[in-house]
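Now for the letters of each chain:
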Amino acid sequence: MCNALDTCVCIGFTFYPDKHYPPANNFISTTQQKLYWTTNVRTEYTRKYSKINRSITYFSGTVIEILRKKDGRYFDSYYDFEKLILNNTRHINLDNHKKIRIIEYLWNRINNVIDFKVIKSILTNALGTFNKRQALLSGKLKYHHCDSKIHKQYGHIGQKFIGNGGHPNDDIVVVEAHHLGLTET
């Protein structure tokens, strides 16, 4: 049996701050079945990976600058730490779930005291983890090519998916997964 993964599973596996990380990581790390990504999913993943990675990199750099000014300061609570960072990063286009997960990750490693060099090292290493997980994901997935001919041939399945309440653009994922199921074992 094979599994065609959706973009959110691939993104969730790559970025630990993503809300889909726990189930995506568990599934991809433990399944014994073949895992595939199709043309649309691989393309969408590449685009989203770049966007999310840029946003997290910008967020991390901003956090470093915020905390550079607080070097040596002791925080009484996680709440104060989180509030400081969230209030000063509102302008960054990254969902709060990811921001909070990164803040929690950082907080759990600093022991309440701001040490600029330690913070910079923690965040730099975290960013490197995303690149490693992207490479790990690419090594685990097999590529299944789909083109406009396949989209046309099985378009009725995508239309049925939309007709049953499916999200637009996911119809292409369904068509490509259908084709995968017919051609791979």
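Each remark here, short or long, concerns the structure printed above.
Residues numbered from 1 in each chain as written. Predicted model: local features only at pLDDT ≥ 70, side-chain atom pairs only at ≥ 80, totals over all residues. Heavy atoms only, no water.

(A) View of unusual backbone geometry. Its identity as a non-glycine residue notwithstanding, Asn 169 has a phi of 80°, on the positive side. Position of Asn 169 relative to the elements: it lies in the loop between α8 (155–163) and α9 (170–183). Take Asn 169: its relative accessible area is 57%, and that puts it in the exposed class. (Helix = DSSP H or I, 4+ residues; strand = E, 2+ residues; numbered from the N terminus. Buried < 20%, exposed > 50% of the residue type's maximum accessible area, 1.4 Å probe, protein only.)

(B) Local environment of the pairing of strand β2 (residues 34–38). A large share of β2 lies buried, amounting to 4 of its 5 residues. Relative to β2, strand β1 (residues 2–4) is paired through 3 bridges, and the arrangement is parallel. Across the sheet, Asn 3 pairs through a bridge with Leu 35, a residue of β2. In the sheet, β2 pairs with strand β3 (residues 141–144) via 4 bridges, with the strands oriented parallel. Among the inter-strand pairings, Leu 35 is bridged to a residue of β3, identified as Leu 141. (Pairing = 2+ DSSP bridges.)

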